[in-house]
Amino acid sequence: MATGLVVGGWFASSIVSNLITSLISYVKEDQSKRQLGLKAELKRLEKALPKIQAVMDVVDSCHIKEENPELARWLWQFRDAVDEAEDFIDEMDYYQLEEEIKGKKSKVSHAASRLKTIFDRAVRKDTTLERLKNIVKGLDEVAADVGHFVHLVGKLKHKQPSNTSNRDTSSLLPVEHKVVGRDDEKDNIINKLLSFSSASVRRNFSILPIVGVGGIGKTTLAQFVYNDERIEKHFSPRIWVCVSNNFDVLSVTKKIYESLKLHQNHTINNLDLLQREILESLKSKKILLVLDDVWNDDDRESWGKLLTPFSSVEGGSMVLLTTRMGKITKMMTGTMEPIFLRGLSEKNYWDFFKNCAFGGEDPKNYNKLQDIGKKIVKKLKGSPLAAKTVGGILRNNLDDEHWEDILNSEIWELEQSQNDIMPALRLSYQHLSSHLKPCFRFCSIFHQDYEFDKEQIIYMWVALGLVRKPMKGNRRPEDIGHEYFDDLVKKSFFDCKTSYAREHYVMHDLLHELAEFVSQGECFRIDESSGPKSIPTSIRHLSISNSVALPIPEIIKLKNLRTLLINSDSSEDDILKVLKGLKSLCILVVRNFNIIDDCISSLIHLRYLANHDISHVPKSVNKLYHLQFLYYHGSFSPDFSNLTADSIDNLINLRILSTPNTRRGKTSGIARLTSLQILERFIVAVNGNNFLELKNLRELRELGIENLKNVSRVEDIFEANLKEKEHIQKLTLKWTEGYDKCSRSPEVDEQVLDTVEPHSNLKKLIIEYYMGRRSPHWMSLQSLSKLVFIQLENCNGWEDLSPLGQLPYLESLQLYGMRSLKSVGSAPDRGTEVCVFPSLKELRIENMPALEEFYGGATQWLPCLKTLQVFNCPKLRVFPNLPCGLSDLFIQGVNWVTLPQLWQDQGEASSSSSSLSSLEIYSCGDLVSLAEGLLLHPQLFTSLVELFIENCSELTHLPIGGFKKFTSLKKIMVFDCPKLQNDSTSGRSLPSSLKYLYIFDCYALDLLLTKLRKTSTFSLE
């Protein structure tokens, strides 16, 4: 068993303290002979508690060396005893909840009185009393040994730090990122990539490895190379794939396939089919493939299979890979001499370290800290990752003593190789606050490269009790969990990434290794990359993934297991056997598993249950009285009919109910779920008689209400009092799909929508299938002053949206299928200077056949707009000028003769350059000229990178002078524009930045294209 484990002192001692306090109170109240001699044990426990706290506080902040195995064993014995006591209290609380739910007893809030009530009920059960006696005696025996370790406190106390307030990679770089001290290496790599000649090898591409120890900056350097303008011009397509340590030909091939965006079917698992499509897609193209974080250096055959589809690429294509494994350079034919990446130079590294350690402070104001920092830098092996993590704990406290503690830590004395930065990372971990350490350790059960969802990991921390309860005020555990996560991000334990508009977090592979190291004996992961390993019986958190068979005999021995994540192809029978043997689970996540009725009700400690891709929800879920988070997601639509109104209200501690695709779902019986934070689907009953169940749900943060057509009494909506639910930030209101075909009058819907008034704190609003003609009276600046997002969809009767333009913080407006809407905004009054949509960044308008006018104001309209999409609005004629900050413009099915103009200050020509980078125009049948309107002054569009035009049958004129002034333009695609003239377009009218020119079915341009084929240096089709 590893000796690196530390039990969080505050967490463990608080459990013991609460337990002792509760039991002592009970024993004092009950003077009968049933005390079983517990007074003496409890008194000794109470006396030993300060010593336990002293040892735990110091041990929690100091590394337990291998020479202290006795202390490590005592820690585990102590934790086992604490966990058993915690389970007992939780079980007693469960039975009390059961009685409350069944209506047999009223709730007693005081802990001692509650325990007394439970014990009185169980007094005749000798086994319960005997179990209590054993638990107390067990704690007493373990606590008695604490005296042997008190002497360590004095030796370790002075070394305590002061605390003051699966690595996936991407080709994208953070906005604030800049390469430090790597200019020579960067230029060297780029020169090698650009100068490679396929004549020197037997195939069309070669492989350039970047080799270096972990954390030295290989990925960052590859990102800068990948995004360099010279590389962008030379190679297309460019492909980025994170390989990581779990090398599998099929999975890496799928990543390449998805990167190429061949199509959206992600379920293809046929290697031959995938590779054939990749081969065809890359034929005769000069490509750059980046394989980041490669570990496999002993399987030549697999590498050969992986690279097979690249046989058709154009000569001069390149594969750039990053790896720690120098041996890999001998694995593949055509591998060039590797680039060996060393630590940064002393000067560059010191500059980088100062940025990390001082943050926004000026180092010149801290001369002594600079002297200490220079000594710390010598221990960091020139590793940027070490500088970031150690700098994070130094930046937290710019105090001489704190920095001296870091410098003199015993961690630096551990045996290490020349380039080993793990001591620096371990030091960063040791200096985390005690409440952050177990949260970080828990993350080790997720595989390397895992993309963490911030909300989900916080919910798991809450379910495990890793988040401290707020001492005062109305703060939720989730709010405190957010602070924990943000602290770990600030200290560089997580990196934030954004892809496809989704934000997620990743952990560097070395930090993942650190998490695995410090969680030994506590967390365990089984997957294909880990190989066969024996599971320590001390494990609390276990994850099993991929096609690994369940080691049933080992798992059922884990009597203190708190977390079980199963994402594998295990049979339902095997999972059932495992669950029947585990009684202490707090978190359970499984997939494709339906038959849990027989065992789920016995998991009385469960707080978090996620079951994906199932067909029905078991009735026995209604016995999980402690459950806080319930998720049923996946490709199926689970049947919730088993959870009747008489059963779902048993889940009185439920905080999240997430069931987005349920069928035959009923939401009756939730009135008692007063802790509910998220209710995605509240379905109004056929007779509308369940709306009042929302009345007491005052903690809601997100609420979705469906089947509003069933509302029969608006008085029920008033009484449900949505307007007073101040915590709701997202509200979805949905009538019924196809509801527009029924005979119900618009006035009824208008009355309902008027009544469903939210609190003014609302930030996101979604309304679907509303058939009223007007906006609700509360859709105004006064009632929705904090709104940032609105989506209106298939509200086919709605005719007026004039109030929306005045909402001060609205950032996203999405309108879909509003078939009766003729105008948005209102015509400006003469002489007024009101800014319309002052904060809007995203505007999407789709399938609105009656829309004619989109009014702006007398001053600049949409000053913050970044994305504009207008789709299938054939009658739209009036549209305001476009702001200079617009970056993406998509137009389809809009019959404009010319594009809207760029905004100009009144009385003078605008000198501001446009930020437009992507312009797409499709099926605009009346569009005649691009030489007027938006592109009238092409010199302002120096940021335009892509231009797509398709099926514009009347388009005749391109911008004046062609595209030469669009100095960043890289791709032009023009399809099916038969009248387009070439009078102003020649080879001299194209910018030097252009890489691709695609012209199809544009008859007047055929001769030009033929001429350009002979002389151009860019791709033509």
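The structure presented is a predicted model; accordingly, all values stated were derived computationally and were not measured. (Residues numbered from 1 in each chain as written. Predicted model: local features only at pLDDT ≥ 70, side-chain atom pairs only at ≥ 80, totals over all residues. Heavy atoms only, no water.)

1. Side note on the overall build of the protein
This is how it is decided: Helix and strand assignments come from DSSP, with helices taken as H or I runs of at least 4 residues and strands as E runs of at least 2, each series counted from the N terminus. Using a 1.4 Å probe on the protein chains alone, a residue whose accessible area is under 20% of its type maximum counts as buried, one over 50% counts as exposed, and one in between counts as partly exposed. Only the protein chains shown count as cover for residues, and all accessible areas are computed by the Shrake-Rupley method using a 1.4 Å probe.
A tally of helices and strands in the protein yields 28 helices and 30 strands. Classification of the 1021 residues of the protein by burial places 55% in the buried group. Of the roughly 44,400 Å² of accessible surface on the protein, 47% is carried by carbon and sulfur atoms.

2. A word on the sheet that holds strand 1 (residues 205-211)
Note the following rule: For two strands to be treated as a pair, DSSP must find no fewer than two bridges joining them. In what follows, residue pairs with any heavy atoms lying within 4.5 Å of each other are defined as contacts. Only the stretch in contact is used when fitting a helix axis, every axis being a line fitted to C-alpha atoms; angles between N-to-C directions are given from 0 to 180 degrees.
Spatial strand order, 2-3-4-1-5: five strands in an open sheet with parallel pairing. The open sheet has two edge strands with one neighbour each: strand 2 (238-244) and strand 5 (339-340). Here helix 7 (residues 183-195) sits on the sheet and contacts strand 1, strand 3 (288-294), strand 4 (317-323) and strand 5; the angle it forms with strand 1, its principal contact strand, is near 165°.

3. Side note on the packing of helix 13 (residues 346-358) against helix 15 (residues 384-395)
Note the cut-off: Two helices that cross are described as forming a left-handed crossing if the nearer one is turned anticlockwise from the farther one by less than a right angle, and a right-handed crossing if clockwise. Amino acid classes used here: Ala, Val, Leu, Ile, Met, Phe, Trp, Tyr, Cys and Pro are nonpolar; Asp, Glu, Lys and Arg are charged; the rest, including Gly, are polar.
Two numbers describe how helix 13 lies on helix 15: the axes approach to 7 Å, and their chain directions differ by 35°. At the point where helix 13 passes helix 15, the crossing takes the right-handed sense. Listed contacts from helix 15 to Tyr349, Phe352, Phe353, Cys356, Ala357 and Phe358 of helix 13 are Pro384, Ala386, Ala387, Lys388, Gly391, Gly392, Leu394 and Arg395. Across the contact of helix 13 with helix 15, the residue classes break down as ten nonpolar, two polar and two charged.

4. Considerations on helix 13
This is how it is decided: In this scheme, a helix's expected span is set at 1.5 Å multiplied by one less than its residue total.
Spanning 13 residues, helix 13 covers 18 Å between terminal C-alpha atoms, matching the ideal 18 Å at 1.5 Å per step. Every buried residue belonging to helix 13 is among Tyr349, Trp350, Phe352, Phe353, Cys356, Ala357 and Phe358, and all of these are buried. Buried residues along helix 13 sit against helix 14 (367-377), helix 15 and helix 16 (400-407). Phi turns positive one or two residues past the end of helix 13, at Gly359, with a value near 60°.

5. Digging into the confidence of the model for the protein
Stated precisely, the cut-off is as follows: Per residue, pLDDT captures the predictor's confidence, and it can take any value from 0 to 100.
For the protein, the average pLDDT comes to 78, and 75% of its residues sit at 70 or higher. Residue range residues 104-112 is modelled with pLDDT below 50. Its contacts to residues more than four positions away, or to other chains, number 17 contacts. Confidence drops under a pLDDT of 50 for residues 906-910, and excluding neighbours within four residues, the segment shows six contacts in the predicted structure.

6. Quick look at the pattern of salt bridges
The following threshold applies: Any Lys or Arg side-chain nitrogen located within 4 Å of an Asp or Glu carboxyl oxygen qualifies as a salt bridge.
According to the stated counting rule, one finds 40 salt bridges in the structure shown. Arg562 is the salt-bridge partner of Asp83, the closest N and O atoms lying 3.9 Å from each other. Taking the relative accessible area as the measure of exposure, Asp83 reaches 6% and is therefore buried. Because the salt bridges share partners, they merge into one network encompassing Arg79, Asp80, Asp83, Glu86, Asp87, Arg441, Glu522, Arg540 and Arg562.

7. Regarding the pairing of strand 19 (residues 789-793)
Among the five residues in strand 19, four count as buried, and that is most of the element. Both strand 18 (residues 764-768) and strand 19 contribute to a ladder of five bridges, which runs parallel. By the bridge assignment, Leu765 is partnered in strand 19 with Ile790. Inspection of the sheet shows strand 19 paired to strand 20 (residues 812-816) by five bridges, in the parallel sense. By the bridge assignment for strand 20, Ile790 is matched with Leu813.

8. Quick look at the packing of aromatic side chains
The line we're drawing: Aromatic contacts are taken between Phe, Tyr and Trp rings whose centres are within 6.5 Å, Trp giving its six-membered ring; a plane angle under 30 degrees counts as stacked, one over 60 as edge-to-face, and the others as tilted. For a ring to carry a charge above it, either NZ of a lysine or CZ of an arginine must fall within 6 Å of the ring centroid while also lying within 35 degrees of the normal to the ring plane.
Tallying each qualifying case throughout the model produces 31 aromatic pairs. On the numbers, 6.1 Å between centres and 80° between planes, the contact of Phe442 with Phe446 is edge-to-face. Overall, the relative accessible area of 7% leaves Phe446 in the buried class. A cation over an aromatic ring shows up here: Arg238 above the ring of Tyr226, its NZ or CZ 4.5 Å from the ring centre. If you follow Lys437 out to its NZ or CZ, it ends over the ring of Tyr429, 5.6 Å from the centre.

9. Considering the environment of Val319
Note that Val319 resides in strand 4. Separated by 81 residues in sequence, Val319 and Arg238 have C-alpha atoms that sit 9.9 Å apart. With residues near it in sequence (within four places) discarded, Val319 still touches Phe205, Ser206, Ile207, Leu208, Leu289 and Leu291.

10. Quick notes on the environment of Leu935
Here Leu935 shows up in the loop between strand 26 (918-922) and strand 27 (946-950). Among the residues examined, Leu935 registers a relative accessible area of 1% and is labelled buried. Remark: the alpha-carbon pair of Leu935 and Leu958, spanning 23 residues in sequence, is separated by 9.1 Å. Beyond its immediate sequence surroundings of up to four residues, Leu935 is in contact with Leu919, Leu930, Phe941, Pro959 and Phe966.

11. So, the pairing of strand 4
Counting buried residues in strand 4 gives seven out of seven residues, a clear majority hidden from the surface. Burial along strand 4 is two-sided: Ser317, Val319, Leu321 and Thr323 and Met318, Leu320 and Thr322, pointing in opposite directions, are all buried. When strand 1 meets strand 4, the two strands line up parallel, connected through seven bridges. The residue of strand 4 that forms the bridge with Ile207 is Val319. Here strand 3 pairs with strand 4 via five bridges, running parallel. Each bridged residue has a counterpart across the sheet, and for Leu288 the counterpart in strand 4 is Met318.

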